[in-house]
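Structural overview
Listed below are the residues making up each chain.
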Amino acid sequence: MYQAFYGLKGAPFGKELKPQDAFLSCSLKETRARLEYLSRVRGMGVLVGEPGAGKTFALRVFCANLNPALFKVIYLPLATGTVMDFYRGLARGLGEEPSFRKIDLFHQIQQAVQVFFRDKKITPVFILDEMHLANPKFLLDLALLFNFAMDAFNPFILVLAGLPFLLSRLELNQTQSLAQRLVVRFQVEPLNREEVGAYLEHHLSLVGATRPLFEPPAVEAIASRSRGWPRLVNNLALTSLLWGAQLKAQLISADVVRQAATEIGL
């Protein structure tokens, strides 16, 4: 309904955004720079951010820009599974039929990684999401599994993603061996107030908007209520458009944004 009312060709604030259409906020630019650095030097990195900060989307942008002839991406949101679940997921991601015993899986995975890197000239890229939920034993196993040739080289890229307290968990005594090997640590920050307006315009332009749809006070209200977190900006902007269309409002006012914020609990 709102798309027809505002003359839009699609949903401006949905999950279907293509990586190449991303709004390049300061935080996303810096996140990309850190991850691109990790892709050059290889090894381990950690990416954290509050819920709705855009961590997973930033990882999608990063992976979309990797040359598939040189990198193989394996994404695993298995932080709450068992260590054996994790090992089997890695083996399958590398194209292997998982062995039954843990020690066999360990060597199977390490051998497969080295085959990709040395023989196929392809660097495996492991993206492990929701890692703030991982138990200490899981994190300890990561340090053991991704130790090649007595830690002499890194034939892989490993990105641990999660909420900010993942960094604190990595500083615990039992996970120091993993923390000390991190090449990159970065926390995704929210959009600033100026970026929120540009973000809204960018997303609306992608679906054919030819004029601003939010009054300046409405943009301020969205920035304030969402605190700049992209997911909340999306939810609040979408709900505001729904309210605006229902009220036949050609421009979204701050009052409409406040109504929308109340509806979604902001």
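Bear in mind that the values here come from a model prediction, so they are computed numbers and not experimental data.

Criteria and cut-off values
- Residues numbered from 1 in each chain as written.
- Predicted model: local features only at pLDDT ≥ 70, side-chain atom pairs only at ≥ 80, totals over all residues.
- Heavy atoms only, no water.
- Salt bridge = Lys/Arg side-chain N within 4 Å of Asp/Glu carboxyl O.
- Helix = DSSP H or I, 4+ residues; strand = E, 2+ residues; numbered from the N terminus.
- Buried < 20%, exposed > 50% of the residue type's maximum accessible area, 1.4 Å probe, protein only.
- Domains from an automatic or database assignment.
- Contact = heavy atoms within 4.5 Å.
- Buried area = accessible area lost by both parts, 1.4 Å probe.
- Phe/Tyr/Trp six-rings, centres within 6.5 Å; stacked < 30°, edge-to-face > 60°.
- Lys NZ or Arg CZ within 6 Å of the ring centre and 35° of its normal.
- Patch = residues over 30% accessible without salt bridge, like charges linked within 9 Å, V, L, I, M, F, W, Y side chains within 5 Å.
- Areas by Shrake-Rupley, 256 points an atom, 1.4 Å probe, with all protein chains shown as cover.
- Pairing = 2+ DSSP bridges.
- Axes fitted to C-alpha atoms, helices over the stretch in contact; angles between N-to-C directions.
- Polar contact = N/O pair within 3.5 Å; in protein donor to acceptor, adjacent residues only side chain to side chain.

1. With respect to the pattern of salt bridges
Pairing between side chains becomes possible if they bear opposite charge and their charged atoms approach one another. The tally for this structure, following the rule as stated, stands at 8 salt bridges. Salt-bridge contacts for arginine 258 lead to aspartate 255; the nearest nitrogen and oxygen are separated by 2.3 Å. Placement of both arginine 258 and aspartate 255 in helix α12 (residues 254–264) is noted, with a separation of 3 residues, approximately one turn of the helix. Overall, the relative accessible area of 37% leaves arginine 258 in the partly exposed class.

2. Some remarks on the domain arrangement of the protein chain
Under the domain assignment, the protein chain is made up of domain 1 (1–13 + 191–264) and domain 2 (26–187). On a C-alpha basis, the centres of domain 1 and domain 2 stand 36 Å from each other. Across the boundary between the two partners, domain 1 contributes 4 residues, which contact 5 residues of domain 2. When the two sides are added together, the surface that domain 1 and domain 2 hide from each other amounts to roughly 410 Å², 57% of it contributed by carbon and sulfur.

3. So, the packing of aromatic side chains
Inspection of every chain in the model, using the stated rule, returns 6 aromatic pairs. Between phenylalanine 86 and tyrosine 87 the ring centres are 5.9 Å apart and the planes differ by 70 degrees, which places this aromatic pair in the edge-to-face class. Neither residue differs from the other here; phenylalanine 86 and tyrosine 87 are each classed as buried. Consider the rings of phenylalanine 86 and phenylalanine 138, whose centres lie 4.7 Å apart with planes at 50 degrees: the pair is tilted. Of this pair, phenylalanine 86 sits in helix α4 (residues 83–93) while phenylalanine 138 sits in helix α6 (residues 136–145), placing them 52 residues apart in sequence. Taking relative accessible area as the criterion, phenylalanine 138 reaches 2% and is therefore assigned buried. An aromatic cluster of at least three residues, connected via ring pairs, comprises Phe86, Tyr87 and Phe138. Over the aromatic face of tyrosine 87 sits the side chain of lysine 102, whose NZ or CZ is 5.8 Å from the ring centroid. Sitting above the plane of the phenylalanine 116 ring, lysine 120 keeps its charged end 4.2 Å from the centroid.

4. Observations regarding the side chain of asparagine 234
Note that asparagine 234 resides in helix α11 (residues 230–246). Among the residues examined, asparagine 234 registers a relative accessible area of 14% and is labelled buried. Setting aside residues no more than four positions away along its own chain, asparagine 234 makes contact with Phe13 and Tyr199.

5. Examining a nonpolar patch on the surface
On the surface, Tyr37, Val41 and Val183 cluster together into a nonpolar patch covering about 220 Å² of accessible area. Along the chain, valine 183 falls in strand β5 (residues 182–187). Valine 183 sits in the partly exposed class, given a relative accessible area of 36%.

6. Concerning the sheet that holds strand β1 (residues 43–48)
Pairing in this open sheet of 5 strands is parallel, and the strands run β2-β3-β4-β1-β5 from one edge to the other. With partners counted over all chains shown, the strands left at the sheet margins are β2 (71–76) and β5, one partner each. On average, adjacent strands in this sheet sit at an angle of 15 degrees to one another, irrespective of strand direction. Bridge count for β1 against β5 is 5 bridges, and the pairing is parallel. Bridge pairing in β5 places glycine 45 opposite valine 184. Packed on one face of the sheet, α4 meets β2 and β3 (123–128) and runs near 150 degrees to β2.

7. Looking at the side chain of glutamate 195
If you trace the backbone, glutamate 195 turns up in helix α9 (residues 193–206). A polar contact is formed between the side chain of glutamate 195 and the backbone nitrogen of cysteine 26, at a distance of 2.8 Å.

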